[in-house]
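# Observations on the model geometry
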Amino acid sequence: MELEELMKKQGKIACKVRKRLSGGGRKVQFPVQEKLIARRILQQRALHVRVLRRDVARFAKEIITNPSFKASPGWISRFMRRHKFVTRVKTTAGQSLPKNVSDRIVDYVTTCSKRIRRNQLPLPCIANMDKTAIWADMPGNSTIEVRGAHTVQISTTGHDKQRITICLAAFADGTKLKPFVVFKGKRIPKEISNVHAAVIKMSDNGWMNEDLTMEWIATVWNDSVDPGSAKRMLVVRQMPMTCSEEDESEVDDEWSLTQGSDNEDGLDGVEDSEDEVVDSHEID
């Protein structure tokens, strides 16, 4: 004991770290079937097909016919670790935010708050509208891939560039307005001509324009007005229009719209109207 203590003091005996011996631990229950599952994943990824954890579970249930087998989340994680699979995000180029994005957000929120307090607007009278582009084919960005792969590609049906614009709006109390969907083309397809849950429109490029914005006001915004309703405020990111006097005459009598000019804080405002529109520049 004295010799051992002396050697410890001299640093000649390092702390022992227990390691699992090679081949130790529980054996893989279905090694052959796991190789077939891994092969199927590699085949799918060679075609740039997106593979998710639920796909691994489906492959496993198809290949492993043992009734006692359950493709549990834990088994999927261990399977991926054994075969060096990881979940990766599709490689793409990133975008940087403008330098003054924080100041513009603060100014925008402050302006909206002031108008809400000034007009004493309750939640059912405050609405937000935004337009965004979606595509006929929208594959996800993540897939299971071999660890260390430099390029992660996901195949599509070829319609991932077919743009559709959708305008969504909701009041602050959670009430949702009808979606306003714009397709590219001249005529509304027969398959969707009888859709009543949304307003369907067409344009040459599938984008919003001034005329379609006025149609959104007439068919969605004004349609949500109750008789005798109080003054309301609509918050939008950027109105794709400049209203003229003729446009204003088309709007419901209870709501008039005048487009404000750019101001120093990066906001466009609509003043002296029955309802108010707060319009900001896009900050992303």
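Residues numbered from 1 in each chain as written. Predicted model: local features only at pLDDT ≥ 70, side-chain atom pairs only at ≥ 80, totals over all residues. Heavy atoms only, no water.

## Things to note about the overall build of the protein
- When helices and strands are counted, the protein shows seven helices and nine strands.
- Expressed as a percentage of the 284 residues in the protein, the buried residues total 32%.
- Considering only intrachain contacts with a sequence separation of at least 6, the fraction spanning at least 24 residues in the protein is 62%.
- As displayed, the protein has an accessible area near 19,100 Å², and 51% of this comes from carbon and sulfur atoms. (Helix = DSSP H or I, 4+ residues; strand = E, 2+ residues; numbered from the N terminus. Buried < 20%, exposed > 50% of the residue type's maximum accessible area, 1.4 Å probe, protein only. Contact = heavy atoms within 4.5 Å. Areas by Shrake-Rupley, 256 points an atom, 1.4 Å probe, with all protein chains shown as cover.)

## Focus on the pattern of salt bridges
- Throughout the structure, instances matching the rule amount to seven salt bridges.
- Notably, a salt bridge pairs aspartate 55 with arginine 58, separated by 3.3 Å at the nearest N-O pair. With aspartate 55 and arginine 58 both in helix 3 (residues 53-63) and three residues apart, this pair spans about one turn of that helix.
- Salt-bridge contacts for lysine 186 lead to aspartate 204; the nearest nitrogen and oxygen are separated by 2.8 Å. Of this pair, lysine 186 sits in the loop between strand 5 (180-184) and strand 6 (199-203) while aspartate 204 sits in the loop between strand 6 and helix 6 (210-221), and the two are 18 residues apart along the sequence. Grouping residues by exposure puts lysine 186 and aspartate 204 together as exposed.
- Residues participating in the shared-partner salt-bridge network are Arg40, Asp55, Arg58 and Glu62. (Salt bridge = Lys/Arg side-chain N within 4 Å of Asp/Glu carboxyl O.)

## Focus: helix 6
- Those residues of helix 6 that sit buried are Leu212, Thr213, Met214, Trp216, Ile217, Val220 and Trp221.
- With a side-chain oxygen positioned 3.2 Å from the backbone nitrogen of aspartate 211, the residue opening helix 6 is asparagine 209. (Polar contact = N/O pair within 3.5 Å; in protein donor to acceptor, adjacent residues only side chain to side chain.)

## A look at the confidence of the model for the protein
- Confidence in the prediction for the protein averages 75 pLDDT; 68% of positions are at 70 or higher.
- Averaged over each element, pLDDT in the protein is lowest for strand 8 (residues 267-269) (34) and highest for helix 4 (residues 73-82) (94).
- Note that residues 240-274 has pLDDT below 50 and, in this model, 82 contacts with residues that lie over four places away or in other chains.
- pLDDT under 50 marks residues 280-284. Its contacts with residues more than four places away, or in other chains, come to 24 contacts. (pLDDT = per-residue confidence, 0-100.)

## Description of the nonpolar core
- Within the largest apolar cluster, 19 residues are counted, with the highest numbers of intra-cluster contacts made by Ile37, Ile41, Val56, Trp75 and Phe79.
- When residues no more than four places from it in sequence are discounted, the contact partners of tryptophan 75 are Glu34, Ile37, Val56, Ala60, Ile64, Phe69, Lys70 and Arg82.
- Of all hydrophobic cores here, the second largest spans 18 residues; its members include Ala127, Val199, Met214 and Leu234. (Core = buried A, V, L, I, M, F, W, Y, C linked by side-chain atoms within 4.5 Å.)

## A few points about the packing of helix 2 (residues 31-46) against helix 3
- At a minimum axis separation of 10 Å, helix 2 and helix 3 run at an interaxial angle of 135 degrees. Taken together, the axis directions place helix 2 and helix 3 in an arrangement best described as oblique. Remark: the crossing between helix 2 and helix 3 carries right-handed chirality. Here Gln33, Leu36, Ile37, Arg40, Ile41 and Gln44 of helix 2 come into contact with helix 3, specifically with Val56, Phe59, Ala60, Glu62 and Ile63. (Axes fitted to C-alpha atoms, helices over the stretch in contact; angles between N-to-C directions. Parallel < 35°, antiparallel > 145°, perpendicular 65-115°, else oblique. Left-handed = near helix turned anticlockwise from the far one by under 90°.)

## Thoughts on the packing of aromatic side chains
- Using the criterion set out here, one finds six aromatic pairs in the structure.
- Taking the centre distance of 5.2 Å and the plane angle of 15 degrees together, the rings of tryptophan 75 and phenylalanine 79 count as stacked. Residue tryptophan 75 and its partner phenylalanine 79 are located together in helix 4, separated by four residues, close to a single helical turn. Judged on exposure class, the residue tryptophan 75 and its partner phenylalanine 79 are both buried. (Phe/Tyr/Trp six-rings, centres within 6.5 Å; stacked < 30°, edge-to-face > 60°.)

## Focus on unusual backbone geometry
- Phi at histidine 48 is positive, roughly 65 degrees, even though this residue is not glycine.
- In this fold, histidine 48 is placed in the loop between helix 2 and helix 3.
- Given a relative accessible area of 31%, histidine 48 falls into the partly exposed group.
- The backbone of lysine 84 sits at a positive phi, close to 60 degrees, despite the residue not being glycine.
- Looking at where lysine 84 falls in the secondary structure, it is placed in the loop between helix 4 and strand 1 (85-89).

## Side note on the packing of helix 2 against helix 4
- One can describe the packing of helix 2 onto helix 4 by two numbers: an axis separation of 11 Å at closest approach and a directional angle of 75 degrees. Classed by the angle they form, the pair helix 2 and helix 4 counts as roughly perpendicular. Two secondary-structure elements touch here, helix 2 through Glu34, Ile37, Ala38 and Ile41 and helix 4 through Trp75, Phe79 and Arg82.
- For the contact of helix 2 with helix 4, the residue count by class is five nonpolar, no polar and two charged. (Nonpolar A, V, L, I, M, F, W, Y, C, P; charged D, E, K, R; others polar.)

## Examining helix 5 (residues 101-119)
- Taking 1.5 Å as the rise per residue, helix 5 with 19 residues should run 27 Å; its terminal C-alpha atoms sit 27 Å apart, in good agreement.
- Along helix 5, the residues that are buried comprise Val101, Tyr108, Thr111, Cys112 and Arg115. With its buried residues spanning 95 degrees around the axis, helix 5 presents them on a single face. In helix 5, those exposed residues whose orientation departs by more than 90 degrees from the buried face are Asp103, Val106, Lys114, Arg117 and Arg118. (Expected span 1.5 Å × (residues − 1). Arc of directions from axis to C-beta.)

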